[in-house]
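Listed here are the chains, written in short residue letters.
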Amino acid sequence: MRNHFKDKKRIVFKVGTSTITHEETGGLDLVKLERFIRILTDLHNQGKDVIVVSSGAIGVGRKALGLSKKPDSISLKQACAAIGQSRLMTIYQKLFSEYNQFTAQILMTKFTIVNDTSRHNARNTFEELLNLGVIPIVNENDTVATDEIDFGDNDSLSAVVAAIAGADLLVLLSDIDGMYTDDPNRNPNAELISYVESISDEMIEMAKGPSTTLGTGGMSAKIYAAGIANDAGADMAIINGEDMDNIIRLIDGEELGTVFKAHRTRHFHLKEYLERKN
C-alpha cells in the first residue's frame, strides 16, 4: 500500500504548533519551517497538488505580544490570532517565494463547512487555486469564530479540507511517531501500530482514555480525522514532524508512522459527520 504513496496526486499536510515552534520560547522554528516548505515545493514541482493546514497563529501572536503564558480567555485568544495569523502568513509567503512558489490564504469556519453553498464555493476555490499552481494555506478563522477555539482542532479541519478538495492522502505531522497500543512513556512494551485497516470501537474508546498515548496529544482528534478522510476516499498517515525528511520517506514508501487505509463510503456526506460530532 505504501508503495503507491509516490503516485498520490493531491496531498493535504497538517502541521501543528508544536511542530513548527521552539518549545522553550514559543517562537517559530525557522530552520524546520524552511525545510518543510522546501520539501512541499519539491513535491509540487513533481506535479502533485499540495495543500497546507497550519496551526500556530495564536502562538505567533502570543509571542509577538510578549505573553509569558498561553491566553486563557476567548477575547485574548482572538486578539493573538488576529495578530499572529498575518505574521504567520507573511513568513509562509516569504519562504515559499524563495522557491518561486505562489501561496494563498484560506480561513474557514464551521459555517463554511455545514452551509451547502459555502462548502460548494470552498471546493471551487480550492480547485481553481490548485489548477493555477498555487499552494493554499488553510487555518480556522479563530478571530471571529469562538466555538472553533473551544471545540475545533486542525486535525479535524485538515480531514475536512481533504474531503472538500478531493485529496487522496492526508498527512498529519505530529510530535509523536504515530499511534501506539499504549503510552510508550509509561509502558515499555507499547507497540507502534503501523497500519489500520479500519477504525474499531475499541480504538475509539482507547483514544478517550486519559492514561494512554491515544488519549494524549490529540490522538482522539486524529482518529476522528482519519474517519472523515478515509470515508471520503483519502488515506491518512500520522508521522513525526521533528524530522521533516519523514515526509520524503513516507512518500517513497518507507515503513514509518501509522497509516489509516481509505475506504470511500458510498453515501459520504461531510455535513453529517460534523453534525454527529456536535
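All values derive from a computational prediction rather than experimental measurement.

Criteria and cut-off values
- Residues numbered from 1 in each chain as written.
- Predicted model: local features only at pLDDT ≥ 70, side-chain atom pairs only at ≥ 80, totals over all residues.
- Heavy atoms only, no water.
- Buried < 20%, exposed > 50% of the residue type's maximum accessible area, 1.4 Å probe, protein only.
- Helix = DSSP H or I, 4+ residues; strand = E, 2+ residues; numbered from the N terminus.
- Pairing = 2+ DSSP bridges.
- Arc of directions from axis to C-beta.
- Contact = heavy atoms within 4.5 Å.
- Polar contact = N/O pair within 3.5 Å; in protein donor to acceptor, adjacent residues only side chain to side chain.
- Salt bridge = Lys/Arg side-chain N within 4 Å of Asp/Glu carboxyl O.
- Axes fitted to C-alpha atoms, helices over the stretch in contact; angles between N-to-C directions.
- Parallel < 35°, antiparallel > 145°, perpendicular 65-115°, else oblique.
- Left-handed = near helix turned anticlockwise from the far one by under 90°.
- Nonpolar A, V, L, I, M, F, W, Y, C, P; charged D, E, K, R; others polar.

Student: Before we move on, can you summarise the pairing of strand S1 (residues 10–15) with the specific residues and values?
Tutor: The element S1 is largely enclosed, with a buried count of six among its six residues. Side chains Arg10, Val12 and Lys14 project from S1 onto one buried face, and the interleaved Ile11, Phe13 and Val15 project onto a second face that is buried too. Inspection of the sheet shows S1 paired to strand S2 (residues 49–54) by six bridges, in the parallel sense. In the strand pairing of S2, phenylalanine 13 is matched with valine 52. Across five bridges, S1 lies against strand S5 (residues 169–174) in parallel orientation. Residue pairing across strands places lysine 14 opposite leucine 172, the latter belonging to S5.

Student: For helix H3 (residues 57–65), give the residues involved together with the corresponding values.
Tutor: Those residues of H3 that fall on the buried side of the exposure criterion are Ala57, Val60 and Gly61. End-on, the buried residues of H3 take up no more than an arc of 100 degrees, which puts them together on one face. Its buried side turned inward, H3 meets helix H4 (74–97) and strand S4 (135–140). After H3 finishes, the residue glycine 66 shows a positive phi value of roughly 75 degrees.

Student: Which residues make up the side chain of serine 158, and what are the values?
Tutor: Positionally, serine 158 belongs in helix H8 (residues 154–165). Polar side-chain contacts of serine 158 include one of 2.6 Å to the backbone oxygen of aspartate 155. With sequence-adjacent residues up to four places away left out, serine 158 is seen in contact with Val12, Lys14, Val53, Leu170 and Leu172.

Student: I'd love a proper account of the pattern of salt bridges, names of residues and values included.
Tutor: On inspection of all chains with the given rule, the structure shows eleven salt bridges. In this structure, aspartate 155 engages lysine 14 in a salt bridge whose closest nitrogen and oxygen atoms are separated by 3.2 Å. A residue pair is termed long-range when its members are at least 10 positions apart, and aspartate 155 in helix H8 and lysine 14 in strand S1 qualify at 141 residues. The burial state of aspartate 155 is the same as that of lysine 14; both residues are buried. The network of salt bridges with common partners includes Arg10, Asp49 and Glu127.

Student: Got a sec to walk through the packing of helix H2 (residues 30–45) against H4? Specific residues and values, please.
Tutor: In contact at an axis separation of 10 Å, H2 and H4 are set at 55 degrees when each is read in the N-to-C sense. Taken together, the axis directions place H2 and H4 in an arrangement best described as oblique. In the crossing of H2 with H4, the sense of the turn from one axis to the other is right-handed. Facing H2, whose interface residues are Leu30, Leu33, Glu34, Phe36, Ile37, Leu40 and Thr41, H4 presents Ile91, Tyr92, Leu95 and Phe96. Residues of the contact of H2 with H4, tallied by class, amount to nine nonpolar, one polar and one charged.

All we've got here are geometric facts, nothing functional implied.
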